[in-house]
Amino acid sequence: MKKITSKDGTQIAVDKSGKGPAVVLVGGAFNTRTFGPNVDIAPALADRFTVYTYDRRGRGDSTDTQPWAVEREVEDLEAVIKEAGGSAFVFGISSGAALVLEATGHGIGIEKVALYEAPFIVDDSRAALSADYLARLKQAVAEDRRADAIKLFMTEGVGLPGFFVALMRLMPAWKKLKAVAHTVIYDAETIAEHTTGKPLPAGKWSAATAPTLVMAGGKSPAWMRNGMQALADNLPNAEFRILKGQMHVVKAKAIAPVLADFFGG
């Protein structure tokens, strides 16, 4: 692990593995460089690429300079890309995909982009998030009610059944979720504009001209697939692909070969 410094002084913890062209993996909500799908994806790519994973600010071994803004997280990603030599392929998953999307077109050295299931709600295939959802989530975090923040994010935000979230409290991973629960408001704010059930704004990402692969799981809810299809249609240089048999927590053996072919092509 190495610490690098973002523009506002935030210390970002970075791991590096493998050899070859640089690939940066960006995690979603609750993910760290040691927890989440990217933990297994990184070694699956390391035979062909130099893979960088990092703790987004406020998580793991990274610090958390306030006030938060999505622009600061873009700067964090820029710092990781600079550490990788100034240019890299970038993969983002879930709300990490939304963050990567925010960073595209900013001239920070992103050569190709791969996105998996940014949780955008673009039609009526599921209910839009309530107008007070983000405010209630922020209140839970401000009052250090971490379990409540996790439950709210998982049920209303992600759409998981309440009984499933109750069972999660009995699992070893619950402790890891609570450790970074305060950062879910960062993820919620990053995607908030695109969780209203309305179509994506035409032309918003017109500057995101890097080749882009947008993906969704074949077993994921229809609203996620619809959102990713709409995103691919909205981007100037994108293709859309369904990964058969996959859900939101995608398996490395399914996605790593797709990423390797896309980044290596």
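Scroll up to find the structure.
As the structure is a computational prediction, the values presented were derived from the model and not from experiment. (Residues numbered from 1 in each chain as written. Predicted model: local features only at pLDDT ≥ 70, side-chain atom pairs only at ≥ 80, totals over all residues. Heavy atoms only, no water.)

Colleague: Can you lay out the overall build of the protein chain for me, pointing to particular residues and giving the numbers?
Modeller: Looking only at helices and strands, the protein chain has 10 helices and eight strands in total. Computed over the C-alpha atoms, the radius of gyration of the protein chain is 17 Å, within 12% of the 18 Å expected from 2.2 N^0.38 for a compact globule of 265 residues. Over its C-alpha atoms, taken along the principal directions, the protein chain stretches across nearly 45 × 35 × 30 Å. Expressed as a percentage of its 265 residues, the buried residues of the protein chain come to 52%. Just so you have it, the protein chain exposes about 11400 Å², and 54% of that area is on carbon and sulfur atoms. (Helix = DSSP H or I, 4+ residues; strand = E, 2+ residues; numbered from the N terminus. Rg over C-alpha atoms; globule rule 2.2 N^0.38 Å. Buried < 20%, exposed > 50% of the residue type's maximum accessible area, 1.4 Å probe, protein only. Areas by Shrake-Rupley, 256 points an atom, 1.4 Å probe, with all protein chains shown as cover.)

Colleague: Break down the pattern of salt bridges for me, citing the residues and quoting the values.
Modeller: This structure, assessed with the given rule, holds 20 salt bridges. Note that R33 is salt-bridged to D61, the shortest N-O span being 3.0 Å. Of the two residues, R33 sits in the loop between β3 (22–26) and α1 (38–45) while D61 sits in the loop between β4 (50–54) and α2 (70–83), which places them 28 residues apart along the sequence. The closest approach of N and O atoms between R241 and E239, which form a salt bridge, is 3.3 Å. Residue classification places R241 among the partly exposed positions, given a relative accessible area of 31%. (Salt bridge = Lys/Arg side-chain N within 4 Å of Asp/Glu carboxyl O.)

Colleague: A description of α2 should follow, citing residues and the corresponding values.
Modeller: When the terminal C-alpha atoms of α2 are compared, their 20 Å separation across 14 residues agrees well with the 20 Å that a helix rising 1.5 Å per residue should span. The buried fraction of α2 amounts to 10 of the 14 residues, a majority that puts the element mostly inside the structure. Within the span of α2, buried status applies to V70, E73, V74, E75, D76, L77, E78, A79, V80 and I81. Positive phi shows up at G85, right after α2, with a value of about 115 degrees. (Expected span 1.5 Å × (residues − 1).)

Colleague: Describe the environment of G162, with residues and values.
Modeller: Looking at where G162 falls in the secondary structure, it is placed in helix α6 (residues 162–168). The class of G162 is partly exposed, set by a relative accessible area of 41%. Each C-alpha atom, one on G162 and one on K151, is 7.7 Å from the other, the two residues being 11 residues apart in sequence.

Colleague: Let's hear about the pairing of β4: which residues, and what values?
Modeller: As a general feature of sheets, a regular strand has side chains that alternate between the two faces. Taking burial as the measure, the five residues of β4 include five buried ones, the bulk of the element. Residues T50, Y52 and Y54 point to one face of β4 and V51 and T53 to the other, with burial holding for every one of them. With five bridges joining them, strand β2 (residues 11–18) and β4 adopt antiparallel strand pairing. By the bridge assignment, G18 is partnered in β4 with T50. The sheet contact formed by β3 and β4 spans four bridges and is parallel. The partner of A22 across the bridge, within β4, is T50. On the question of chirality, the crossover connecting β3 to the parallel β4 by way of α1 is right-handed. (Pairing = 2+ DSSP bridges. Right-handed = clockwise from strand over helix to strand, strands pointing away.)

Without other data, these values stay purely geometric and don't point to any function.
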